Amino acid sequence: MPYPLAPTLSPSRVSAFTDCALAYRFANLDRLPEPSSPAAVKGTLVHAALEALFTYEPAQRSHEVATACLEHAADQLRDDAELVELGLDEEGFATFVADAHRLLGKYFEMEDPREVNAVGLELWVEAEVAGVNLRGIIDRLDYLPDGTFRVVDYKTGRSPSERYEKSKLLGVDTYALLLEHVIGVRPSSVRLLYLGDGTSLTCRPSQQNTRFVEMKVGAVWQSIQRLNATDSFKPNPGKLCDWCSFQAWCPSFGGNPDEARALGETLRLERRAAKEAAGTIADLDQPLPFADTGS
Ligand code: SF4
């Protein structure tokens, strides 16, 4: 039986579906939980610190202030379920925060935040594109001296190899397309700051790029609907399997996808029971509209 589908996509979901349709199904339709990863939680922490830094007046955005922002964000994060799941002891947490400070240091090697005119932080953007609701969060939107806009995306990992760069650029063009729909102008540039190794990548999205993304989003949405109607989400084994949380249910690793479906249904009923108990039943059984943004 087909899963209920919400007509929504994000840049990271487009990319996830393109990488492996079956993993997409496990994560978004069966809604199987994925273990939290130190890298993802660290990313959340550094993003929070940088967001807080840019709420200060430009002249106040020193490294010392950023450090205080990060310490504050780390304190706030202590009770977060994803951090707790990592099971860090005091020493492990200190190492974790120290590494976040290292990433923050890399940020200051790449740009001077006092010279940035940030007009949007953690900006939610959403538009109807090719029959689907496309959504994403822009880490930072800058207004440049020449009267144009620049999208800035913080990446807490290292810059991708040439082989994977193309798929990253698709995400870049997707943010450009979204912004074009929301504010009516295409950003003049999108800058990716790779805090892991202190390198940056600046792209200048063209109309041709954004039209390509529009077609790609439409094609992905059509494919998702078709595979869902015919129950034919297939595995796509490759390098990404090394990091996949769903190997236990993947036929490429001897697993059975039907068991994932059964588990997904059990978890859905548990969520329903928990919400009934809490009196927050309103959005029950809704397909997951949108989860992550791929920062
Ligand atoms: S293990 Fe590989 S092929 Fe299987 S679902 Fe995960 S990414 Fe896809």
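For the structure itself, consult the block above.
Every chain is numbered independently, its residues counted from 1 as its sequence is written. Local features are withheld for residues below a pLDDT of 70 in this predicted model, meaning they are given only at 70 or higher, and side-chain atom pairs are given and counted only at 80 or more; totals for whole chains, interfaces and linings count all residues. Only heavy atoms go into the side-chain values, all of them from the structure, while hydrogens and water stay out.

Visitor: How would you sum up the overall build of the chain? Please name residues and give values.
Guide: Secondary structure is summarised from DSSP: a helix means a run of H or I of at least four residues, a strand means a run of E of at least two, and numbering begins at the N terminus for each. For the chain, the count of helices and strands is 9 helices and 6 strands. Radius of gyration here uses only the C-alpha atoms, and the compact-globule reference equals 2.2 Å multiplied by the residue count raised to the power 0.38. Radius of gyration (C-alpha) of the chain: 20 Å, near the 19 Å computed for a compact globule of 295 residues. Counting only C-alpha atoms and orienting by the principal axes, one finds that the chain spans roughly 60 × 50 × 40 Å. Burial classes: relative accessible area under 20% of the type maximum marks a residue as buried, over 50% as exposed, and values in between as partly exposed (1.4 Å probe, protein chains only). Burial status across the chain gives 42% buried among its 295 residues. Counting every atom, the chain has about 15,200 Å² of accessible surface; 53% of that belongs to carbon and sulfur. Under this rule, positive means Lys or Arg and negative means Asp or Glu; His and the chain ends count for nothing. Taken as the charge centre is NZ of Lys, CZ of Arg, CG of Asp or CD of Glu, depending on the residue. Averaging the coordinates of the 30 positive side-chain charges in the chain and doing the same for the 43 negative ones gives two points 6 Å apart. All accessibility values rest on the Shrake-Rupley procedure with a 1.4 Å probe; residue burial counts only the protein chains present in the view.

Visitor: An account of the environment of Arg 135 is needed here, citing residue identities and associated values.
Guide: Tracing the backbone shows Arg 135 in strand β3 (residues 132-143). Arg 135 sits in the buried class, given a relative accessible area of 16%. With 126 residues separating them in the primary sequence, Arg 135 and Leu 9 have C-alpha atoms 6.3 Å apart. Any N or O atom pair separated by 3.5 Å or less is treated as a polar contact, with the protein-specific requirement of one donor-capable and one acceptor-capable atom, and with residues adjacent in sequence counted only for side-chain atom pairs. Within the structure, Arg 135 has its side chain in polar contact with the side chain of Glu 126 (distance 3.3 Å).

Visitor: How would you summarise the pairing of β3 if you had to cite specific residues and measurements?
Guide: Burial analysis of β3 places 10 of its 12 residues in the buried class, which makes it a mostly covered element. Examined bridge by bridge, strand β1 (residues 8-9) and β3 share 2 bridges and lie parallel to one another. Looking across to β3, one finds that Thr 8 is bridged to Asn 133. Paired strands, as defined in this entry, are two strands with at least two bridges between them according to DSSP. Of the strand pairs in this sheet, strand β2 (residues 118-129) and β3 are connected by 10 bridges, and their pairing is antiparallel. Bridging from a neighbouring strand, Ala 118 pairs with Asp 142 of β3. Hairpin connection of β2 to β3: 2 residues between the antiparallel strands, including Ala 130 at a positive phi of 50°.

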